Amino acid sequence: MAASSKNTGTPTETRLDEHLDAPSTTAPGDGPADTTDPDERASSATPDKGAAARAGHGTVNAVVPLPKRVAKKTAESKPRTETYTATRPDGTEVTVERNIETGESSVKGS
């Protein structure tokens, strides 16, 4: 459920709701399947439109949270890199090494 700020009742962050018979609770600017929790995953679900209509809601939540993923233990591995030669504007040839995982580049040689 979304956390509420104490003074306005408006949620300050968005979490996926479990219910399927009322609109989802979201912070301003967020959509119904949005979440501010990077580990939260969503799945579509069949909403209870009849219960929502009887309660006077014009919309209904149709997205529920999935169980949290279990983090897999991975062996520490050497970062993947690529190395290539490039020419500086002054004509000097240098070796460039780029980390494929992070995009960080470094120049070897001068």
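Scroll up to find the structure.
The residue numbering used here restarts from 1 in each chain and proceeds along that chain's sequence as written. Side-chain atom pairs in this predicted model are given and counted only at pLDDT of 80 or more, local residue features only at pLDDT of at least 70, and totals for whole chains, interfaces and linings cover all residues. The side-chain figures draw on all heavy atoms in the structure; neither hydrogens nor water molecules are used.

1. Some words on the environment of G109
Moving on, step 1. Strands here are runs of E lasting at least two residues and helices are runs of H or I lasting at least four, both read from the DSSP assignment and numbered beginning at the N terminus. Considering the arrangement of structural elements, one finds G109 in the segment after β5 (105-108).
Moving on, step 2. Distance from G109 to V94, taken between C-alpha atoms, is 5.5 Å for residues 15 residues apart in sequence.
Moving on, step 3. If sequence neighbours within four positions are ignored, G109 has contacts with R88 and V94. Here, residues are in contact when the closest pair of their heavy atoms is within 4.5 Å.

2. Comments concerning the pattern of salt bridges
Moving on, step 1. Counted as salt bridges are all cases of a side-chain nitrogen of Lys or Arg within 4 Å of a carboxyl oxygen of Asp or Glu. Enumeration over the complete set of coordinates arrives at 2 salt bridges.
Moving on, step 2. The closest approach of N and O atoms between R80 and E101, which form a salt bridge, is 2.5 Å. One end of the pair, R80, is in the loop between β2 (63-65) and β3 (81-87); the other, E101, is in the loop between β4 (93-99) and β5, and 21 residues separate them in sequence.
Moving on, step 3. Throughout, exposure labels follow a simple rule: accessible area from a 1.4 Å probe, protein chains only, divided by the maximum for the residue type, with under 20% read as buried, over 50% as exposed, and the rest as partly exposed. Residue classification places E101 among the exposed residues on the basis of a relative accessible area of 51%.
Moving on, step 4. The shortest N-O distance in the salt bridge between R98 and E82 comes to 2.7 Å. In this pair, R98 sits in strand β4 while E82 sits in strand β3, placing the two residues 16 residues apart along the sequence.
Moving on, step 5. Take R98: its relative accessible area is 26%, and that puts it in the partly exposed class.
Moving on, step 6. According to the relative accessible area criterion, E82 is partly exposed, its value standing at 32%.

3. Let's talk about the pairing of β4
Remark: a regular strand shows side chains that alternate across the two faces of the sheet.
Moving on, step 1. Relative to β4, β3 is paired through 7 bridges, and the arrangement is antiparallel. Across the sheet, residue T87 finds its bridge partner in β4, namely E93.
Moving on, step 2. Strands pair, by our definition, only if DSSP identifies at least two bridges between them. A loop of 5 residues connects β3 with β4, the two strands running antiparallel in sequence, and G91 in this loop sits at a positive phi of about 95 degrees.
Moving on, step 3. One ladder, built from 4 bridges, connects β4 with β5; its direction is antiparallel. Counted as the bridge partner of E97 is S106 from β5.
Moving on, step 4. Connecting the antiparallel pair β4 and β5 is a turn made up of 5 residues, with G103 showing a positive phi of about 85 degrees.

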